[in-house]
Amino acid sequence: MWLTRFLRTSPADNVSDILRAEVVMVVSALDRYVHTLARLGVLESYAGARPKTDAFNRFPVPLSVTPLLRLSATAASTLDAEIRTKHSHLSFQHPDKIAEAVRLFSAVSLWEAVGAEMDMTAADVKAILGLIVDRRNKIAHEADVDPSFPRQLWPINREMVEGMIDIVEPVGHGIHAACV
């Protein structure tokens, strides 16, 4: 029965769901990258391979963990686990949250560096990324439904999604170039 219903839907309906999934996934990929970058950056700062930032020095670690950090054999894995725990409920999608994550291990002016990499102003990069993240949130948390009458889905098409990907991908490359 479900297969019959699936086959009767128009290709446009199926494509719009796929396009919405693409928006969610591209922002999730950026979020995952920033999580990994922040974790590795903090570990590098702890190991002395990077300078320690003010945000690094304020990173909260429970007192129960500090004895384990004194033992060189367990320090890195203990800190790695603590970073994962602290960041597990955070999302690094919005430009301000991404910058907070980067400040844990780098003093770079992130959005100025990313903007220069993309030949855009920092304000424009942040604004455009913010709009993409807002749309992702509408899709993920509100089913992408326009709240006004008659409560239809917000429009989406291939060009819109490709445009979002064409921004998020260079943002990721710009973050990498600024931080690695």
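Structure: above.
Figured I'd write up the structure that's included with this text. None of these values were measured; they are calculated from a predicted model.

Overview of the overall build of the chain
Next up, step 1: Each helix and strand counted, the chain has nine helices and zero strands in total.
Next up, step 2: Written out in order from the N terminus, the α and β elements of the chain read α-α-α-α-α-α-α-α-α.
Next up, step 3: For the chain, the C-alpha atoms occupy an extent of roughly 65 × 45 × 25 Å along the three principal directions.
Next up, step 4: A burial count over the chain gives 38% of its 180 residues as buried.
Next up, step 5: Taken together, the 19 basic and 22 acidic charged side chains of the chain have centroids lying 8 Å from each other.

Digging into the layout of surface pockets
Next up, step 1: One number sums up the size of the largest pocket: a volume of about 240 Å³.
Next up, step 2: Along its surface, the largest pocket is lined by 13 residues, and F59, H87, L90, E100 and L104 are the ones closest to its centre.
Next up, step 3: Listing elements by their share of the lining of the largest pocket, those giving two or more residues are α5 (72–87) and α6 (95–103).
Next up, step 4: With three residues, the top contributor of residues to the lining of the largest pocket is α6.
Next up, step 5: Considering only residue class, the lining of the largest pocket consists of seven nonpolar, two polar and four charged.

With respect to helix α8 (residues 122–142)
The periodicity of an α-helix, 3.6 residues per turn, causes residues three or four positions apart to be oriented the same way.
Next up, step 1: Between its first and last C-alpha, α8 extends 29 Å over 21 residues, near the 30 Å set by a 1.5 Å rise per residue.
Next up, step 2: Restricting attention to buried positions, one finds in α8 the residues A122, V125, L129, G130, I132, V133, R135, R136 and I139.

What to know about the environment of L68
Next up, step 1: In this structure, L68 sits in helix α4 (residues 66–70).
Next up, step 2: Assessed through its relative accessible area of 38%, L68 is described here as partly exposed.
Next up, step 3: C-alpha separation for the pair L68 and T78, spaced 10 residues apart in sequence, amounts to 6.8 Å.
Next up, step 4: Not counting the four nearest positions on each side in its chain, L68 is found in contact with T74, A75 and T78.

Some details on the nonpolar core
Next up, step 1: Within the largest apolar cluster, 33 residues are counted, with the highest numbers of intra-cluster contacts made by L30, I98, L110, W111, L129, V171 and I175.
Next up, step 2: Looking at this core, the elements that each hand over two or more residues are α2 (11–47), α6, α7 (110–118), α8 and α9 (158–179).
Next up, step 3: Other than its neighbours up to four places away in sequence, I98 contacts L30, V34, F92, Q93, L110, W111, L129 and I175.
Next up, step 4: Counting residues in hydrophobic clusters, the runner-up holds 10 residues, among them V42, V65, L79 and I83.

Here's the deal with the pattern of salt bridges
Next up, step 1: Taken as a whole, this structure holds nine salt bridges when the rule is applied.
Next up, step 2: Across the pair R84 and D80 runs a salt bridge whose closest N-O atoms are separated by 3.1 Å. Highlighted residues: R84 and D80, both in helix α5, separated by four residues, approximately one helical turn.
Next up, step 3: The class for R84 is partly exposed, based on a relative accessible area of 44%.
Next up, step 4: The salt bridge partner of K126 is D96, with a shortest N-O separation of 3.8 Å. Of the two residues, K126 sits in helix α8 while D96 sits in helix α6, which places them 30 residues apart along the sequence.
Next up, step 5: Each of R20, R135 and D144 takes part in a single network of salt bridges with overlapping partners.

Things to note about the packing of α7 against α9
Next up, step 1: It is the contact of α7 with α9, at a shortest axis distance of 8 Å, that shows an interaxial angle of 120°. The angle between the axes of α7 and α9 places the two elements in the oblique class. Our pair here, α7 against α9, has a crossing hand that is right-handed. Taking contact as the criterion, the partners of L110, W111, A113, V114, E117 and M118 in α7 are, on α9, I167, P170, V171, G174, I175, A177, A178 and C179.
Next up, step 2: Residues that form the contact of α7 with α9 fall into these classes: 12 nonpolar, one polar and one charged.

Thresholds, definitions, all that
Residues numbered from 1 in each chain as written. Predicted model: local features only at pLDDT ≥ 70, side-chain atom pairs only at ≥ 80, totals over all residues. Heavy atoms only, no water. Helix = DSSP H or I, 4+ residues; strand = E, 2+ residues; numbered from the N terminus. Buried < 20%, exposed > 50% of the residue type's maximum accessible area, 1.4 Å probe, protein only. Lys, Arg positive; Asp, Glu negative; His and termini not counted. Charge placed at Lys NZ, Arg CZ, Asp CG, Glu CD. 1 Å grid on protein atoms, 1.4 Å probe; cavity = no way out; pocket = protein on both sides within 12 Å on 5 of 7 lines; lining within 4 Å. Points joined across faces, edges and corners; volume = space filled by probe spheres on them. Nonpolar A, V, L, I, M, F, W, Y, C, P; charged D, E, K, R; others polar. Expected span 1.5 Å × (residues − 1). Contact = heavy atoms within 4.5 Å. Core = buried A, V, L, I, M, F, W, Y, C linked by side-chain atoms within 4.5 Å. Salt bridge = Lys/Arg side-chain N within 4 Å of Asp/Glu carboxyl O. Axes fitted to C-alpha atoms, helices over the stretch in contact; angles between N-to-C directions. Parallel < 35°, antiparallel > 145°, perpendicular 65-115°, else oblique. Left-handed = near helix turned anticlockwise from the far one by under 90°.

All quantities given are derived from atomic positions and should not be read as evidence of function.
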